[in-house]
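If you want the building blocks of each chain, they are given just below.
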Amino acid sequence: MSLRSLVHCALCLAVAFAGLASLYLQLGAPFAGWAQVLVYIGAVAILIVFAILLTRSSEPAPPPLIARPWIVGVAIAVLVFGVLTNAIMNSSIANREPPVKPEPTVRQIGTQ
């Protein structure tokens, strides 16, 4: 939303779809991940980019991106990131050891 160019916004949407696909792949859902790549990146995002490029009229030159509100927004985002990082690193959940996973035997599985 902060980008001035509509083409750049559409390309960032494609990058967001790629990030979501990589998350699906890392979570062990290859079908959902590759479907995300094929359907959303391969079709929807490219269709949006081509539609923008083919229907653009002459746009005026965008104003400069670095302005006072933009700098204040980045400063607030960095501050929030630091507070959240500090809260997560000092929480008791982050320092807890994961429980030991019991490994059942074949006999126990057969009995169940």
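Just so you know, these numbers come straight off a predicted model, no measurement behind them. (Residues numbered from 1 in each chain as written. Predicted model: local features only at pLDDT ≥ 70, side-chain atom pairs only at ≥ 80, totals over all residues. Heavy atoms only, no water.)

On to the overall build of the chain, then. The helix and strand tally for the chain stands at four helices and zero strands. The N-to-C order of helical and strand elements in the chain reads α-α-α-α. Residues counted as buried form 9% of the 112 residues belonging to the chain. In the chain, the share of contacts with a sequence separation of at least 24, taken over all contacts with a separation of at least 6, comes to 52%. On the chain, roughly 9700 Å² of surface is accessible, and the fraction owed to carbon and sulfur atoms is 72%. (Helix = DSSP H or I, 4+ residues; strand = E, 2+ residues; numbered from the N terminus. Buried < 20%, exposed > 50% of the residue type's maximum accessible area, 1.4 Å probe, protein only. Contact = heavy atoms within 4.5 Å. Areas by Shrake-Rupley, 256 points an atom, 1.4 Å probe, with all protein chains shown as cover.)

To continue, consider the packing of helix α1 (residues 6-26) against helix α2 (residues 30-55). Where α1 meets α2, the closest approach of the two axes is 8 Å, and the angle between their N-to-C directions is 175°. Here α1 is positioned roughly antiparallel relative to α2, judged by the angle of their axes. For the contact of α1 with α2, the residue count by class is 23 nonpolar, two polar and no charged. (Axes fitted to C-alpha atoms, helices over the stretch in contact; angles between N-to-C directions. Parallel < 35°, antiparallel > 145°, perpendicular 65-115°, else oblique. Nonpolar A, V, L, I, M, F, W, Y, C, P; charged D, E, K, R; others polar.)

On the surface, a nonpolar cluster with roughly 480 Å² of combined accessible area is contributed by Leu-13, Leu-38, Val-39, Tyr-40, Val-44 and Ile-48. With respect to the helices and strands, the residue Val-39 is situated in helix α2. Judged by relative accessible area, which is 44%, Val-39 ranks as partly exposed. (Patch = residues over 30% accessible without salt bridge, like charges linked within 9 Å, V, L, I, M, F, W, Y side chains within 5 Å. Salt bridge = Lys/Arg side-chain N within 4 Å of Asp/Glu carboxyl O.)

Tallying each qualifying case throughout the model produces one aromatic pair. A centroid spacing of 5.2 Å and a plane angle of 50° characterise the contact between Phe-17 and Tyr-40, whose relative ring orientation is tilted. Here the residue Phe-17 occupies a position in helix α1, and Tyr-40 occupies one in helix α2, the gap between them amounting to 23 residues. Tyr-40 sits in the partly exposed class, given a relative accessible area of 38%. (Phe/Tyr/Trp six-rings, centres within 6.5 Å; stacked < 30°, edge-to-face > 60°.)

Such coordinate-based values are descriptive only and should not be taken to indicate function.
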